[in-house]
Amino acid sequence: GNSVTQMEGPVTLSEEAFLTINCTYTATGYPSLFWYVQYPGEGLQLLLKATKADDKGSNKGFEATYRKETTSFHLEKGSVQVSDSAVYFCALSDSGGYNKLIFGAGTRLAVHP
Amino acid sequence: GAGVSQSPSNKVTEKGKDVELRCDPISGHTALYWYRQSLGQGLEFLIYFQGNSAPDKSGLPSDRFSAERTGGSVSTLTIQRTQQEDSAVYLCASSRIGTGGVETQYFGPGTRLLVL
């Protein structure tokens, strides 16, 4: 079945450091890929998405590229801020199904000044 | 416009009691999803509604769980004879349509359920 694997946290960084959170997936067909973020005390919100191979999603300085050859969708940011501290979830949606999201386990990011 | 809303925000109940959780999706969104977020299992899909029908109930963990949606809008998730392992945050999400794979799902704030 479809699944998502993402690197375990917590990830602890200093402000302005480079961030990478790895995400790989297993899926049949051509899924869409998403990164959702959950800030402390808030609900899940979409950070970025990519719907086909080689697409790059970007938002708030974060980027992720849909790599079909490596079945990956790694999240990157060049310079993190304290306000980026949150839990990040990689997810896929089966294009042939009913769009239910399959989530990774989540990666907690803590950014210190 | 208004986002997805859920009520109650917190619910504490005793083992064996029934609970009802409510979700108000974004107006005009035909697709509605329930997920569960728990420490041991992460984020899991429970059920999907397209309009008032539920073509995918594959994530419901047992027959104690049921859900309905009326008027193509509000949905209620019911858990009968609650057990301690039902303790989790129950999330509702909606999207414009439920097929094609590209639609963004918008999540509500969740209902935190604690079964004592």
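Residues numbered from 1 in each chain as written. Chains lettered and ligands numbered in written order. Predicted model: local features only at pLDDT ≥ 70, side-chain atom pairs only at ≥ 80, totals over all residues. Heavy atoms only, no water.

### Description of the overall build of chain B
Reasoning step 1: In terms of helices and strands, chain B carries zero helices and eleven strands.
Reasoning step 2: Walking chain B from its N terminus toward its C terminus, one meets helices and strands in the order β-β-β-β-β-β-β-β-β-β-β.
Reasoning step 3: Computed over the C-alpha atoms, the radius of gyration of chain B is 13 Å, within 12% of the 13 Å expected from 2.2 N^0.38 for a compact globule of 116 residues.
Reasoning step 4: Once the C-alpha set of chain B is aligned to its principal axes, its extents read approximately 40 × 30 × 25 Å.
Reasoning step 5: Of all intrachain contacts in chain B linking residues separated by at least 6 positions in sequence, the fraction that spans at least 24 positions is 54%.
Reasoning step 6: Roughly 5,400 Å² of accessible area belongs to chain B as shown, and the carbon and sulfur atoms make up 47% of that amount. (Helix = DSSP H or I, 4+ residues; strand = E, 2+ residues; numbered from the N terminus. Rg over C-alpha atoms; globule rule 2.2 N^0.38 Å. Contact = heavy atoms within 4.5 Å. Areas by Shrake-Rupley, 256 points an atom, 1.4 Å probe, with all protein chains shown as cover.)

### Regarding the pattern of salt bridges
Residue and element names in this part refer to chain A.
Reasoning step 1: Tallying each qualifying case throughout the model produces nine salt bridges over all chains.
Reasoning step 2: Across the pair Lys52 and Asp55 runs a salt bridge whose closest N-O atoms are separated by 3.4 Å.
Reasoning step 3: A relative accessible area of 52% means that Lys52 is categorised as exposed. (Salt bridge = Lys/Arg side-chain N within 4 Å of Asp/Glu carboxyl O. Buried < 20%, exposed > 50% of the residue type's maximum accessible area, 1.4 Å probe, protein only.)

### Re the sheet that holds strand E8 (residues 75-79) of chain B
Residues and elements named next belong to chain B.
Reasoning step 1: Read across the open sheet, the four strands follow the order E1-E3-E8-E7; overall the sheet is antiparallel. In this open sheet, the two strands that pair with only one neighbour each are strand E1 (5-7) and strand E7 (65-69). Here the strands of the sheet are splayed against their neighbours by 15 degrees on average, with no regard to which way each runs.
Reasoning step 2: When E7 meets E8, the two strands line up antiparallel, connected through five bridges. Each bridged residue has a counterpart across the sheet, and for Arg69 the counterpart in E8 is Ser75. (Pairing = 2+ DSSP bridges. Axes fitted to C-alpha atoms, helices over the stretch in contact; angles between N-to-C directions.)

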